[in-house]
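So you can see what is in the structure, the chains are spelled out below.
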Amino acid sequence: PAETATSPAESETQSPAESAAPAASSPAATGGASSSETAPAGRPRAAGVARSVPDMPSLEDAHDGELGSLVDGDTSTAWQSYTYTRPNFGGYVASMDLAVALEEPARVNQVVVDHAGGSGGAFTVLLADSPDGENAREVGQGTFDADRAVVPVEADDAAAGHVILRITSLPRLEAGGGERPYGLRLTEVTVR
């Protein structure tokens, strides 16, 4: 769909499809895995990524085909959001979760978030046993001020089957955007 100019006030009364324009996309495979109740083993290995927006489940579902690019080890591929009039997803939801499933539960020492083309915004890192975040534990926070954010995990209980990136505020895009200058182009989420 073609991008149309909307003011923040107008976007509050329109659907996300009307107030948000898709960013350019690159195809990638998605993956999924289930966590088992086994003891934490060696190095964390990502098995797939799932998107969750409890307040509006369909928000950003058009980009689910790109989720696998977040854990493919290639920063030239990306998952991109729509663009919005305000950093809080245009006022539609408070946050969006991207849950990285690990091949098996493991101790997490740090989470590295790579993105391109914006600054500002904020996210929280949580560890959980399931992608829905039930019993999730917050272990750190970060911003999109630099192209790479490294969030150390110093929690006593840092073993998990899923690492959740809870995006609470979108960065302002460096190029374009017009009336919708907020969006996100994530290139990699690395769990170490």
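Residues numbered from 1 in each chain as written. Predicted model: local features only at pLDDT ≥ 70, side-chain atom pairs only at ≥ 80, totals over all residues. Heavy atoms only, no water.

**So, the overall build of the protein chain**
Consideration 1: Looking only at helices and strands, one finds two helices and 13 strands in the protein chain.
Consideration 2: Relative to its full complement of 192 residues, the protein chain shows a buried share of 45%.
Consideration 3: Only carbon and sulfur atoms are counted for the fraction: they give 47% of the accessible area of the protein chain, which is about 8,700 Å². (Helix = DSSP H or I, 4+ residues; strand = E, 2+ residues; numbered from the N terminus. Buried < 20%, exposed > 50% of the residue type's maximum accessible area, 1.4 Å probe, protein only. Areas by Shrake-Rupley, 256 points an atom, 1.4 Å probe, with all protein chains shown as cover.)

**A look at the packing of aromatic side chains**
Consideration 1: The final tally for this structure, using the stated rule, is two aromatic pairs.
Consideration 2: Centre to centre, the rings of Tyr84 and Phe89 are 5.7 Å apart; their planes meet at 75°, and the pair counts as edge-to-face. Considered together, Tyr84 and Phe89 belong to a single accessibility category, that of buried residues.
Consideration 3: Note on Phe123 and Phe144: the rings are 5.1 Å apart at their centroids and 45° apart in plane angle, and the pair reads as tilted. Of this pair, Phe123 sits in strand β8 (residues 122-128) while Phe144 sits in the loop between β9 (137-142) and β10 (148-152); the two residues are 21 residues apart in sequence, bridging distant segments of the chain. The pair Phe123 / Phe144 is uniform in exposure class, with both members buried. (Phe/Tyr/Trp six-rings, centres within 6.5 Å; stacked < 30°, edge-to-face > 60°.)

**Examining the side chain of Thr187**
Consideration 1: Mapped onto the fold, Thr187 is located in strand β13 (residues 185-191).
Consideration 2: If sequence neighbours within four positions are ignored, Thr187 has contacts with Ser69, Leu70, Asp74, Thr75, Thr77, Ala78, Asp114, His115 and Ala116. (Contact = heavy atoms within 4.5 Å.)

**Quick look at the sheet that holds strand β6 (residues 110-115)**
Consideration 1: Reading across from one edge, β3-β13-β6-β10 is the order of the four strands in this open sheet, with antiparallel pairing throughout. With one partner strand each, in any of the chains shown, β3 (79-80) and β10 form the two edges of the open sheet.
Consideration 2: In this sheet, β13 lies alongside β3 in antiparallel orientation, the contact comprising two bridges. When the bridges of β13 are listed, Trp79 appears paired with Leu186. (Pairing = 2+ DSSP bridges.)

**Observations regarding the confidence of the model for the protein chain**
Consideration 1: Per-residue pLDDT for the protein chain has a mean of 82; in total, 78% of the residues score no lower than 70.
Consideration 2: Note on residues 1-40: pLDDT under 50 across the span, and 85 contacts to partners over four residues away in sequence or across chains. (pLDDT = per-residue confidence, 0-100.)

**Digging into the nonpolar core**
Consideration 1: With 37 residues, the main nonpolar core has Leu98, Leu165, Ile167 and Leu186 as its most contacted residues.
Consideration 2: Dropping the residues within four chain positions of it, Leu186 is found in contact with Leu70, Thr77, Ala78, Trp79, Leu98, Val113, Asp114, His115, Phe144, Leu165 and Ile167. (Core = buried A, V, L, I, M, F, W, Y, C linked by side-chain atoms within 4.5 Å.)

**Regarding the environment of Asn109**
Consideration 1: Assignment of secondary structure puts Asn109 in the loop between β5 (96-107) and β6.
Consideration 2: Put simply, Asn109 and Arg43 are 66 residues apart on the chain and 9.5 Å apart in space, counted from C-alpha to C-alpha.
Consideration 3: Apart from residues lying up to four places away in sequence, Asn109 is in contact with Val151, Pro152, Val153 and Arg192.

**What to know about the pattern of salt bridges**
Consideration 1: Applying the stated criterion across every chain yields a total of three salt bridges.
Consideration 2: Residue Arg166 pairs with Asp97 through a salt bridge whose shortest N-O separation is 2.7 Å. Of this pair, Arg166 sits in strand β11 (residues 159-169) while Asp97 is found in strand β5, placing the two residues 69 residues apart along the sequence.
Consideration 3: Using a relative accessible area of 25% as the deciding quantity, one classes Arg166 as partly exposed.
Consideration 4: The exposure class assigned to Asp97 is buried, which follows from its relative accessible area of 6%. (Salt bridge = Lys/Arg side-chain N within 4 Å of Asp/Glu carboxyl O.)

**Some thoughts on the sheet that holds β8**
Consideration 1: Pairing in this open sheet of five strands is antiparallel, and the strands run β2-β5-β11-β8-β9 from one edge to the other. Two strands close off the open sheet at either side, each with one partner strand: β2 (46-52) and β9. Strand-to-strand, the axes of this sheet are offset by a mean angle of 25°, without reference to chain direction.
Consideration 2: As judged from the five bridges shared by β8 and β9, these two strands associate in the antiparallel manner. Residue pairing for β9: Val125 is matched across the bridge by Gly140. (Axes fitted to C-alpha atoms, helices over the stretch in contact; angles between N-to-C directions.)

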